[in-house]
Amino acid sequence: MGLSTRSVELMLVIALLIQFSACADVSSSETQISNSTGSEGQRGEKFLSLFSIVRFPNSLCLASNSYNGTCLTTAECSAKGGTASGTCASGFGVCCVLTIQTCGATTSLNNTYWQNNGFSSAYTTAGQCSLFVSRASSDVDQLRLEFITFILAQPDSATLSTTGQCITDSFTVSGSANIVPAICGSNTNQHMYINIGPGTSTVTLSIITSGTAMSRYWNIRVIQIPENTDYTAPDNCLQWFTEASGRLVSFNYQYATTPIVQHLAYQDYTMCIRTNQGFCGVKYDLCTPTASNPYGLSTVAAGTVATGTLMDSSCVYDWLQIPCVSDQANSVVTSVGATVGCASKLCGITGFTVTADATTATTSLYSYRRPFEVRFYTDSKEFLVTAADAENWGFCLTYTQQPCLSSATNG
């Protein structure tokens, strides 16, 4: 015996309600669905109206243009200034993408894309362009900035007192609870985590440019992160890596021998690696170990040629700091110093050393101190050097978490 039209409609509505009630989220949207049959009578319409509201979470969605968006109703997306790009929530919502190309705009929408005016064409205007970001909900306490495209003017390399500083262009963050250094140059595919303090309502992202001859491009994805999630970064981490392996790269690292000045002045931040289950250490390697000078951090006064790779007290200007880093896999070293083969600071050119200042380099380094962290520090200037000296390139390290093979690696 067949079901009536009203019965079929009722069963479909109940199924939809069950589906969406299982999706719990802090933010959600509501939309109405039409249940009136037009011929079943007033009583049937009143009964079915009890099931006319569909609620769905404002979750991440993949838009038709391959950007990440937020699942909203059509009206909500329009009210927030977004563009509907595909559907979500079984067709009841739209994947809303907010792209901002104006200076001085404000956003509270997760997955906002901030681009230079006219992107993907170049931006040549001098001045300050800012984006004001407020929380999407009260439990948001972090922003993740993904630099999908980031090309500004290179740091100064003409004046000794300001070499390495972002003089022509700079990207800055204000209103954050953590210290965020100013950066410039080429930083495509880099990222930052910005902490929002409890008394802060707005974080300001600014790009300051001077001169009109330079072509700049930026496309920055702004992700809002709730507190206490498995992807929330620790408070002291400007960069946060959650995979078992990956790359740590200084801002403006060019993967090339030019320009001579690449790594930036006034940097002091920590790159953190999440300790994944079953891992007790990290192996660090240079990304390009066969290059003549795979990395370079200032070690000597201006005009003096660096002699090789240095460690600890020899690193007085710029350095990488990795807790008790050694050239021994599964090391049980617990003290810092050349006599025991465990170092704390690394600098110089060519590569690593952990036993003594040297002209030759160690291929791989290991650290078994947790949490897994690498601090990068630079002073106020980067010395003018020749191409042979190559002290200002910065670094690119690969990291690979090491499994807990014995009790010796659990210290």
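Residues numbered from 1 in each chain as written. Predicted model: local features only at pLDDT ≥ 70, side-chain atom pairs only at ≥ 80, totals over all residues. Heavy atoms only, no water.

### Let's talk about the pairing of strand 23 (residues 364-367)
Moving on, step 1. The alternating pattern of strand 23 places Ser364 and Tyr366 and Leu365 and Ser367 on opposite faces, both of which are buried.
Moving on, step 2. In this structure, strand 18 (residues 279-286) lies alongside strand 23, joined through 4 bridges in antiparallel fashion. By the bridge assignment for strand 23, valine 282 is matched with serine 367.
Moving on, step 3. Judged from the 2 bridges that link them, strand 21 (residues 319-326) and strand 23 form a sheet pairing that is antiparallel. Note on strand 23: the bridge partner recorded for serine 326 is tyrosine 366. (Buried < 20%, exposed > 50% of the residue type's maximum accessible area, 1.4 Å probe, protein only. Helix = DSSP H or I, 4+ residues; strand = E, 2+ residues; numbered from the N terminus. Pairing = 2+ DSSP bridges.)

### Focus: the sheet that holds strand 11 (residues 169-174)
Moving on, step 1. Pairing in this open sheet of 4 strands is mixed, and the strands run 7-9-13-11 from one edge to the other. On the outer flanks of this sheet lie strand 7 (105-107) and strand 11, each paired with one strand and no other. Averaged over all pairs of adjacent strands, the angle between strand axes in this sheet comes to 15°, irrespective of strand direction.
Moving on, step 2. When strand 9 (residues 127-134) meets strand 13 (residues 202-209), the two strands line up antiparallel, connected through 8 bridges. For leucine 131, the partnering residue across the bridge sits in strand 13 and is leucine 205. (Axes fitted to C-alpha atoms, helices over the stretch in contact; angles between N-to-C directions.)

### Details of the state of the cysteines
Moving on, step 1. Going through the model one piece at a time under the given rule, you end up with 10 disulfides.
Moving on, step 2. The partner cysteine of cysteine 61 in its disulfide is cysteine 95, sulfur to sulfur 2.1 Å. With the S-S dihedral at roughly 100°, the linkage between cysteine 61 and cysteine 95 falls on the right-handed side. Here cysteine 95 lies in strand 6 (residues 93-100) and cysteine 61 lies in strand 3 (residues 60-62), a separation of 34 residues in the sequence. There is no split in this pair, since cysteine 61 and cysteine 95 are both buried.
Moving on, step 3. Two residues share a disulfide in this structure: cysteine 315 and cysteine 347, whose sulfurs sit 2.1 Å from each other. Sign of the S-S torsion, about -95° for the bond between cysteine 315 and cysteine 347, identifies this disulfide as left-handed. Note that cysteine 315 is positioned in the loop between strand 20 (309-311) and strand 21 and cysteine 347 in strand 22 (residues 342-349), a separation of 32 residues in sequence.
Moving on, step 4. Take cysteine 347: its relative accessible area is 0%, and that puts it in the buried class. (Disulfide = S-S within 2.5 Å.)

### Points about the side chain of threonine 232
Moving on, step 1. Here threonine 232 shows up in the loop between strand 14 (217-226) and strand 15 (239-241).
Moving on, step 2. Residue threonine 232 is classed as buried on the basis of its relative accessible area, which comes to 16%.
Moving on, step 3. Within the local environment of threonine 232, its side chain forms a polar contact with the backbone oxygen of proline 226, the two atoms lying 2.9 Å apart.
Moving on, step 4. At 2.6 Å, the side chain of threonine 232 forms a polar contact with the side chain of threonine 229.
Moving on, step 5. In contact with threonine 232, other than residues within four places in its own chain, are Asp141, Gln142, Ile225, Pro226, Glu227 and Trp240. (Polar contact = N/O pair within 3.5 Å; in protein donor to acceptor, adjacent residues only side chain to side chain. Contact = heavy atoms within 4.5 Å.)

### Here's the deal with the packing of aromatic side chains
Each pair of aromatic rings is reported with the distance of its centres and the angle of its planes.
Moving on, step 1. Across all of its chains, the model carries 12 aromatic pairs by this definition.
Moving on, step 2. Consider the rings of tyrosine 269 and phenylalanine 376, whose centres lie 6.0 Å apart with planes at 85°: the pair is edge-to-face. Residue tyrosine 269 is located in strand 17 (residues 268-273), and its partner phenylalanine 376 is located in strand 24 (residues 372-377); the two are separated by 107 residues in the primary sequence. Pair check on accessibility: tyrosine 269 and phenylalanine 376 agree, each one buried.
Moving on, step 3. Geometrically, the ring pair formed by phenylalanine 376 and phenylalanine 395 is edge-to-face, given 4.9 Å between the ring centres and 80° between the ring planes. Of this pair, phenylalanine 376 sits in strand 24 while phenylalanine 395 sits in the loop between strand 24 and strand 25 (396-403); the two residues are 19 residues apart in sequence, bridging distant segments of the chain. The pair phenylalanine 376 / phenylalanine 395 is uniform in exposure class, with both members buried.
Moving on, step 4. Taken together, the ring pairs in this structure connect Phe251, Tyr269, Phe376 and Phe395 into an aromatic cluster.
Moving on, step 5. Just above the ring of tryptophan 319 sits the side chain of lysine 345; from NZ or CZ to the centre is 3.8 Å. (Phe/Tyr/Trp six-rings, centres within 6.5 Å; stacked < 30°, edge-to-face > 60°. Lys NZ or Arg CZ within 6 Å of the ring centre and 35° of its normal.)

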